[in-house]
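# Commentary on secondary and tertiary structure
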Amino acid sequence: PNGIAALFGDNAIPQAGLLQIVAFVGFLELFVMKDSANGAEPGDFPGDFRNGALDFGWDTFDEETKLSKRAIELNNGRAAQFG
């Protein structure tokens, strides 16, 4: 089933499964995906969800390089929205 039928139709996802998905996403939002990772101050820059994993040397870049990389990532995201 697709669309709203996946939630309320005859062959819908069981309510316990749906609750499990919502609880897992809620756990990630509240405890894992913090916007102030690695001891950074909240608001250091939006979108820093590294949480101590997959740090590709971000802290070794100078401020100009960081600004450039953020701008590149933002532009790639904008381009992706156009398809």
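Residues numbered from 1 in each chain as written. Predicted model: local features only at pLDDT ≥ 70, side-chain atom pairs only at ≥ 80, totals over all residues. Heavy atoms only, no water.

Within the chain, the regular secondary structure consists of three helices and zero strands. Along the chain direction, N to C, the helices and strands of the chain fall in the order α-α-α. When the 83 residues of the chain are sorted by exposure, 10% land in the buried category. Counted over contacts in the chain with a minimum sequence separation of 6, partners at least 24 positions apart contribute 3%. Accessible surface, the chain as shown: approximately 6,900 Å² in total, 62% of it carbon and sulfur. (Helix = DSSP H or I, 4+ residues; strand = E, 2+ residues; numbered from the N terminus. Buried < 20%, exposed > 50% of the residue type's maximum accessible area, 1.4 Å probe, protein only. Contact = heavy atoms within 4.5 Å. Areas by Shrake-Rupley, 256 points an atom, 1.4 Å probe, with all protein chains shown as cover.)

If you walk through the whole model with that rule in mind, you get one aromatic pair. Measuring from centroid to centroid gives 5.5 Å for Phe 27 and Phe 31, while their planes differ by 40°, and the two rings are tilted. One end of the pair, Phe 27, and the other, Phe 31, are both in helix 2 (residues 15-32), four residues apart, so they sit about a helical turn from each other. A relative accessible area of 57% places Phe 31 in the exposed class. One cation-aromatic arrangement involves Lys 69 over Phe 61; the distance from NZ or CZ to the ring centre is 5.0 Å. (Phe/Tyr/Trp six-rings, centres within 6.5 Å; stacked < 30°, edge-to-face > 60°. Lys NZ or Arg CZ within 6 Å of the ring centre and 35° of its normal.)

Residues Ile 21, Phe 24, Val 25, Phe 27, Leu 30, Phe 31, Val 32 and Met 33 make up a contiguous nonpolar surface patch of roughly 780 Å² in combined accessible area. Looking at where Leu 30 falls in the secondary structure, it is placed in helix 2. (Patch = residues over 30% accessible without salt bridge, like charges linked within 9 Å, V, L, I, M, F, W, Y side chains within 5 Å. Salt bridge = Lys/Arg side-chain N within 4 Å of Asp/Glu carboxyl O.)

Let's shift gears to the pattern of salt bridges. Counted under the stated rule, the structure contains one salt bridge. A salt bridge links Glu 63 to Lys 66, with the shortest nitrogen-to-oxygen separation between them at 3.7 Å. Residue Glu 63 and its partner Lys 66 are located together in helix 3 (residues 63-82), separated by three residues, close to a single helical turn. Owing to a relative accessible area of 11%, Lys 66 belongs among the buried residues under this scheme.

Counted at 1.5 Å a residue, the expected span for helix 2 with its 18 residues is 26 Å, and the 25 Å between its end C-alpha atoms agrees. Among the 18 residues that make up helix 2, zero are buried, leaving the element largely open to the surroundings. (Expected span 1.5 Å × (residues − 1).)

Given a rise of 1.5 Å per residue, 20 residues ought to cover 28 Å, and the 29 Å separating the end C-alpha atoms of helix 3 matches this to within 8%. Within two residues after helix 3, Gly 83 carries a phi angle of roughly 90°, on the positive side.

Summing up the model confidence of the chain, the mean pLDDT is 81 and the portion of residues at 70 or higher is 73%. For the chain, helix 1 (residues 5-8) is the element with the lowest average pLDDT, namely 86, and helix 3 is the one with the highest, namely 92. (pLDDT = per-residue confidence, 0-100.)

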